[in-house]
Amino acid sequence: QLPTVACEPLLGSLPNACDVLPGRQLMAVLPTLIILASRAPQIALNFVQGHTGQLSLATSLLFFVGGLARLFTTLTEVNDPVLLAGYIVGISLNATLVMQILLFRKTTAQWAAAQREKRGDARSKKRN
């Protein structure tokens, strides 16, 4: 059983989670929780705004491809369903970000142009 101090802040809302997950499995689940906490708000924000802001296609593609490589090596080298599930979650979230970048391409370009125009206006006002 994990120490309560280490488990409850992370999984306290799940009944008996601290009794079920041994330390090694918790360490395998932790990256999945972190990627979920980092990607899900970004995906929701992109959807609400209708653009992806300064999110990089190259970086998002590299995260996605890296996840595919990890999935492949996990399938071929390791028999760990917890790791496999984590990589599938990460790949799905990164694929969603890549799709949003591609789908919101035009509105993101319009947003970027508006941002450049705002910066240009602010600079010209400072000069005058």
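In what follows, the structure referred to is the one given above.
Reference entry: report on the structure contained in this document. Here the structure is a predicted model, which means the values were calculated and not measured.

## Quick notes on helix α5 (residues 81-103)
- The end-to-end C-alpha separation of α5 is 32 Å, in line with the 33 Å expected for 23 residues at 1.5 Å each.
- Within the span of α5, buried status applies to G86, G90, I91, L93, N94, L97, V98, Q100 and I101.

## Quick word on the packing of helix α4 (residues 57-77) against α5
- It is the contact of α4 with α5, at a shortest axis distance of 9 Å, that shows an interaxial angle of 155 degrees. On the basis of the axis angle, α4 is roughly antiparallel to α5. As for the relative orientation of α4 and α5, their crossing is left-handed in sense. Contacts between α4 and α5 involve L57, S60, L61, F63, F64, G67, L68, R70, L71, T74 and L75 from the former and L83, L84, Y87, I88, I91, N94, A95, V98, I101 and L102 from the latter.
- Considering only residue class, the contact of α4 with α5 consists of 16 nonpolar, four polar and one charged.

## Overview of the layout of surface pockets
- In this model, the largest pocket occupies a volume close to 300 Å³.
- In terms of lining, the largest pocket is formed by 17 residues, of which the most central are I35, R70, G86, Y87 and G90.
- Mapped by element, the contributors of at least two residues to the lining of the largest pocket are α3 (23-49), α4 and α5.
- The element that contributes the greatest number of residues to the lining of the largest pocket is α5, accounting for seven residues.
- Grouping the constituent residues of the lining of the largest pocket by class yields nine nonpolar, six polar and two charged.

## Some words on a nonpolar patch on the surface
- Taken together, the side chains of L57, L61, M99, L102 and L103 make up a nonpolar region of the molecular surface, amounting to roughly 440 Å² of accessible area.
- If you list the elements that add at least two residues to the nonpolar patch, you get α4 and α5.
- Take the nonpolar patch: its biggest share by element is three residues, from α5.
- Positionally, L102 belongs in helix α5.
- For L102, a relative accessible area of 34% gives the class partly exposed.

Calculation rules
- Residues numbered from 1 in each chain as written.
- Predicted model: local features only at pLDDT ≥ 70, side-chain atom pairs only at ≥ 80, totals over all residues.
- Heavy atoms only, no water.
- Helix = DSSP H or I, 4+ residues; strand = E, 2+ residues; numbered from the N terminus.
- Expected span 1.5 Å × (residues − 1).
- Buried < 20%, exposed > 50% of the residue type's maximum accessible area, 1.4 Å probe, protein only.
- Axes fitted to C-alpha atoms, helices over the stretch in contact; angles between N-to-C directions.
- Parallel < 35°, antiparallel > 145°, perpendicular 65-115°, else oblique.
- Left-handed = near helix turned anticlockwise from the far one by under 90°.
- Contact = heavy atoms within 4.5 Å.
- Nonpolar A, V, L, I, M, F, W, Y, C, P; charged D, E, K, R; others polar.
- 1 Å grid on protein atoms, 1.4 Å probe; cavity = no way out; pocket = protein on both sides within 12 Å on 5 of 7 lines; lining within 4 Å.
- Points joined across faces, edges and corners; volume = space filled by probe spheres on them.
- Patch = residues over 30% accessible without salt bridge, like charges linked within 9 Å, V, L, I, M, F, W, Y side chains within 5 Å.
- Areas by Shrake-Rupley, 256 points an atom, 1.4 Å probe, with all protein chains shown as cover.
- Salt bridge = Lys/Arg side-chain N within 4 Å of Asp/Glu carboxyl O.

In short, geometric facts, not functional conclusions.
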